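Each chain is listed here by its residues.
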Amino acid sequence: MIRDEIGLTGTKFGCGMAQCGACTVHLDGVPVRSCSTPVSAAAGKKVSTIESLSADNSHPLQKAWIAHDVPQCGYCQSGQLMSAAALLNSNKNPSDADIDAAMSGNICRCGTYGRIKAAIKTAATDMQKA
Ligand code: FES
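Residues numbered from 1 in each chain as written. Predicted model: local features only at pLDDT ≥ 70, side-chain atom pairs only at ≥ 80, totals over all residues. Heavy atoms only, no water.

**Some remarks on a nonpolar patch on the surface**
- Together, Met1, Ile6, Leu8 and Val39 make up an exposed nonpolar region whose accessible area comes to about 380 Å².
- With respect to the element layout, Met1 can be found in the segment before α1 (2–6). (Patch = residues over 30% accessible without salt bridge, like charges linked within 9 Å, V, L, I, M, F, W, Y side chains within 5 Å. Areas by Shrake-Rupley, 256 points an atom, 1.4 Å probe, with all protein chains shown as cover. Salt bridge = Lys/Arg side-chain N within 4 Å of Asp/Glu carboxyl O. Helix = DSSP H or I, 4+ residues; strand = E, 2+ residues; numbered from the N terminus.)

**Some details on the environment of Leu27**
- Residue position: Leu27 is located in strand β1 (residues 24–27).
- Dropping the residues within four chain positions of it, Leu27 is found in contact with Val32, Thr37, Ala41, Ala42, Lys45, Lys46 and Val47. (Contact = heavy atoms within 4.5 Å.)

**What about helix α2 (residues 60–67)?**
- Within α2, the full set of buried residues consists of Leu61, Gln62, Ala64 and Trp65. What you see down the axis of α2 is that its buried residues fit within an arc of 165°, all on one side. Among the exposed residues of α2, those pointing more than 90 degrees away from its buried face are Ile66 and Ala67.
- On its buried face, α2 is in contact with α3 (77–90) and α5 (113–129).
- Looking one or two residues beyond α2, the residue adopting positive phi is Asp69, at roughly 50°. (Buried < 20%, exposed > 50% of the residue type's maximum accessible area, 1.4 Å probe, protein only. Arc of directions from axis to C-beta.)

**So, the pattern of salt bridges**
- Following the criterion strictly, the structure yields two salt bridges and no others.
- Here Asp96 ties to Lys121 by a salt bridge, and the two come within 2.5 Å at their closest N and O atoms. Residue Asp96 is found in helix α4 (residues 96–103), and its partner Lys121 is found in helix α5; the two are separated by 25 residues along the sequence.
- Since its relative accessible area comes to 36%, Lys121 is described here as partly exposed.
- Note that Lys117 and Asp100 form a salt bridge whose closest N and O atoms lie 2.9 Å from each other. You can see Lys117 sitting in helix α5 and its partner Asp100 sitting in helix α4, a full 17 residues away along the chain.
- Taking relative accessible area as the criterion, Lys117 reaches 22% and is therefore assigned partly exposed.

**Some details on unusual backbone geometry**
- Located in the positive-phi region is Asp28, a residue other than glycine, with phi close to 50°.
- By secondary structure assignment, the location of Asp28 is in the loop between β1 and β2 (30–33).

**Comments concerning the sheet that holds β1**
- Across the sheet, three strands lie side by side as β2-β1-β3; this open sheet has antiparallel pairing. Looking along the sheet, the strands with just one partner apiece sit at the ends: β2 and β3 (47–48).
- In this structure, β1 lies alongside β2, joined through four bridges in antiparallel fashion. Counted as the bridge partner of Leu27 is Val30 from β2.
- Contacting β1, β2 and β3, α3 runs over the sheet at an angle of about 35° to β1. (Pairing = 2+ DSSP bridges. Axes fitted to C-alpha atoms, helices over the stretch in contact; angles between N-to-C directions.)

Quick look at the structure:
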């Protein structure tokens, strides 16, 4: 629905089984796996996709992702960013353990986990300054 009907192609279809996290979007601010979430579950709720962060890469997470050269192939990254955004929306100063817990459901076949963690920390610092 998100990609083919609405045309927002930032959200990726990965495993189709809610296992990899590439399809992560927010439903009323809560990260969900869109591949396994029926449209009926979104009725009356706000759906936020990767496109909602910013159109000009000005969101602190987007800036940090660029500064840390996080993406490799990039396929998982919109899902990674949406999980990271949900984390920082609820926890402005996450610990390593908080980041590990929040991001544990997002798989990256390219192994960018270290860069993701560093970028989340940078974004959290930037958001505290703002
Ligand atoms: Fe390739 Fe994560 S950057 S799967």
